Amino acid sequence: MFTHTELHNLQAQSLKMQSFIRQQTYSPEVEKTLRRFSSWELGELIFKVNQSTLRGRLAADPSLPQGEVEEDGRQRWYSLEEINQLRRRLKVNRKSLMPERPTGKRAIRAAIANFKGGAGKSTVALHFAHAAALDGYRVLCVDFDPQATLSHSMGLSDVDEEYTVWGIMARDLIHETQRMNTAAQGAESGTALPQRKLPAAITDMGLDDLRVTDFIKPTCWPTIDLVPSCANAAFVEFASAQYRHLNPEWSFFAAVSRYLDQLPADAYDMIIFDCPPAIGYQSMNAVFAADVLYIPSGPGYWEYDSTTSFIGQLAEALEDLGRFKSSSVPAGTLPKAFADVRFLLTRFEPNNDLHRAMQSAFLKVFGDRVAPNPIEMTRAVEQSSRFLSSIYEIDYRDMTRETWRRARTSFDLAYEDFKGHLITAWDKLEADQ
């Protein structure tokens, strides 16, 4: 017989192996580090300028970061901090190298969501975050998935559940209940309104004292931060149901949105959500907070079937939210509306007849909402996944440059389309949002 005790023991054994794998994957200090980028990558892939022009500008101004020189003197290697210094200081053909960002607006938020496990949600979120950072954007990732694949890939594994989305939601319940009670006390009616009480098990956890920034953890990428997840946060679905019973007027689905609204508008440029493979309390928080919904799907029939189910069930869930009545729901936010919805095929093999047929089916149904550049399944992507890394983190010298370049090009094209739609949606945001 297997009870919760035996399952806890199995998890403990697995955590030991997880620690061993991290030691083999990351540096000896069990900390993930970010590699340097070559002058070839800097010119051709990051700044997209002529390499001789870049070398001339660096030689003309010794105060610019010069990177580390290889022993043979053929190649220079730059940290991301040095790359961003160059981006801020250089102009090429009188054009800034800084990324496009609408002025006076908060960060744009994108949810990567689907039902199907293995659809590539975490892979897409990881690669888009890394591509955006190399593009000069400041990125916040929010890991809503208790499997914590994104968190582990970002190098964060020893996370307490209080500092996950569950902690944000529990803290929001406390704050919203306090706000409602204060409003009830100040009501101008002749009769005092009832006070909502939360049990000490919730109020005594210390979450009320946590600052907004306490939930945000740095990563080895200097311009990427993360609200992490962990396996122990899986009980958030059960806890949230209990919390709703304690305060039925609590708009649970807006907890993360309210949290993000507390961040300074210029703290980040992009916020990317990695959603769990189900519609629940966490995923509803993600989609409610998102401006743009990105739906990755594998190129098979069952993935297509799952995507169809996801759209329908998400529509029903959002319709139900539209009937929610509470003073805690921000005006004008229901019914929920996305600035854009896009579909992205992943693990795509161009020479596979079935994959091409399913791509045709997606295009016939969803039209130009299907991203034009599917993410191809390549040997380099498989290799990077084994090491909990993105293709951007893998050094091209660890394989043939052509193999690495093909995989990177696939993600580059998908990211450029993603960025283009985000910027369009960004322009639609109100300045005070």
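Bear in mind that the values here come from a model prediction, so they are computed numbers and not experimental data.

1. A few points about the overall build of the protein chain
Moving on, step 1. Scanning the protein chain from N- to C-terminus turns up 15 helices and 12 strands.
Moving on, step 2. Across the 433 residues in the protein chain, those meeting the buried criterion constitute 52%.
Moving on, step 3. Within the protein chain, counting contacts between residues at least 6 apart in sequence, those at least 24 apart form 81% of the total.

2. Focus: helix α9 (residues 236-246)
Moving on, step 1. Taken residue by residue, α9 has Val236, Ala239, Ser240 and Tyr243 as its buried positions. Buried positions in α9, seen along its axis, are confined to an arc of 100 degrees and lie on one side of it. With respect to the buried face of α9, the exposed residues turned more than 90 degrees away are Phe238 and His245.

3. Remarks on the packing of aromatic side chains
Moving on, step 1. According to the stated counting rule, one finds 22 aromatic pairs in the structure shown.
Moving on, step 2. Relative to Trp221, the ring of Phe37 has its centre 6.3 Å away and its plane inclined at 55 degrees; by these criteria the two rings are tilted. Here the residue Phe37 occupies a position in strand β1 (residues 37-38), and Trp221 occupies one in the loop between β8 (217-218) and β9 (224-227), the gap between them amounting to 184 residues.
Moving on, step 3. Its relative accessible area of 0% is what places Phe37 among the buried residues.
Moving on, step 4. Among the aromatic residues, those joined into a cluster by ring pairs are Trp40, Trp77, Tyr396 and Trp404.
Moving on, step 5. A cation over a ring is seen here: Lys217 above Tyr163, with NZ or CZ 4.5 Å from the ring centre.
Moving on, step 6. Directly above the ring of Phe288 sits Lys336, whose terminal nitrogen or CZ lies 5.8 Å from the centroid.

4. So, unusual backbone geometry
Moving on, step 1. In this structure, Ala148 takes a positive phi of about 60 degrees despite not being glycine.
Moving on, step 2. For Ala148, the location among the structural elements is in the loop between β7 (139-143) and α6 (149-153).
Moving on, step 3. The backbone phi angle of Arg347 is positive, close to 50 degrees, even though this residue is not glycine.
Moving on, step 4. Examined against the element boundaries, Arg347 turns out to sit in the loop between β12 (340-345) and α13 (353-366).

5. A short note on the packing of helix α2 (residues 39-47) against helix α15 (residues 401-428)
Moving on, step 1. Contact geometry for α2 and α15: axes closest at 13 Å, N-to-C directions at 30 degrees. The orientation of α2 relative to α15 falls into the category roughly parallel. As for the relative orientation of α2 and α15, their crossing is right-handed in sense. Here Trp40, Glu41, Glu44, Leu45 and Ile46 of α2 come into contact with α15, specifically with Arg401, Trp404, Arg405 and Arg408.

6. A closer look at the pairing of strand β11 (residues 292-297)
Moving on, step 1. A large share of β11 lies buried, amounting to 6 of its 6 residues.
Moving on, step 2. The alternating pattern of β11 places Val292, Tyr294 and Pro296 and Leu293, Ile295 and Ser297 on opposite faces, both of which are buried.
Moving on, step 3. Bridging between strand β6 (residues 108-112) and β11 involves 3 bridges; their strand directions are parallel. Bridge pairing in β11 places Ile112 opposite Tyr294.
Moving on, step 4. Both β11 and β12 contribute to a ladder of 6 bridges, which runs parallel. Note that in β12 the partner of Ile295 across the bridge is Phe343.

7. Thoughts on the sheet that holds β9
Moving on, step 1. Within the open sheet, the 7 strands sit side by side as β8-β9-β7-β10-β6-β11-β12. Their pairing is mixed. The strands lining the two open edges of the sheet, one partner per strand, are β8 and β12.
Moving on, step 2. The pairing of β6 with strand β10 (residues 270-274) spans 5 bridges and is classified as parallel. Residue pairing in the sheet places Ala111 in a bridge with Phe273 of β10.

8. Some words on the nonpolar core
Moving on, step 1. Phe47, Phe128, Cys141, Ile272 and Phe418 are the most contacted members of the largest nonpolar core, which has 66 residues in total.
Moving on, step 2. Not counting the four nearest positions on each side in its chain, Cys141 is found in contact with Ala129, Leu150, Met154, Ile224, Asp225, Leu226, Val227 and Ile272.
Moving on, step 3. The next biggest cluster of nonpolar side chains, apart from the first, holds 61 residues, and it includes Leu207, Ala255, Leu263 and Phe273.

9. Some thoughts on the pattern of salt bridges
Moving on, step 1. Within the structure shown, the criterion is met by 25 salt bridges.
Moving on, step 2. Note that Arg405 and Glu44 form a salt bridge whose closest N and O atoms lie 2.9 Å from each other. Of this pair, Arg405 sits in helix α15 while Glu44 sits in helix α2, and the two are 361 residues apart along the sequence.
Moving on, step 3. The partly exposed category is assigned to Arg405, whose relative accessible area is 25%.
Moving on, step 4. The class for Glu44 is partly exposed, based on a relative accessible area of 33%.

What counts and how
- Residues numbered from 1 in each chain as written.
- Predicted model: local features only at pLDDT ≥ 70, side-chain atom pairs only at ≥ 80, totals over all residues.
- Heavy atoms only, no water.
- Helix = DSSP H or I, 4+ residues; strand = E, 2+ residues; numbered from the N terminus.
- Buried < 20%, exposed > 50% of the residue type's maximum accessible area, 1.4 Å probe, protein only.
- Contact = heavy atoms within 4.5 Å.
- Arc of directions from axis to C-beta.
- Phe/Tyr/Trp six-rings, centres within 6.5 Å; stacked < 30°, edge-to-face > 60°.
- Lys NZ or Arg CZ within 6 Å of the ring centre and 35° of its normal.
- Axes fitted to C-alpha atoms, helices over the stretch in contact; angles between N-to-C directions.
- Parallel < 35°, antiparallel > 145°, perpendicular 65-115°, else oblique.
- Left-handed = near helix turned anticlockwise from the far one by under 90°.
- Pairing = 2+ DSSP bridges.
- Core = buried A, V, L, I, M, F, W, Y, C linked by side-chain atoms within 4.5 Å.
- Salt bridge = Lys/Arg side-chain N within 4 Å of Asp/Glu carboxyl O.

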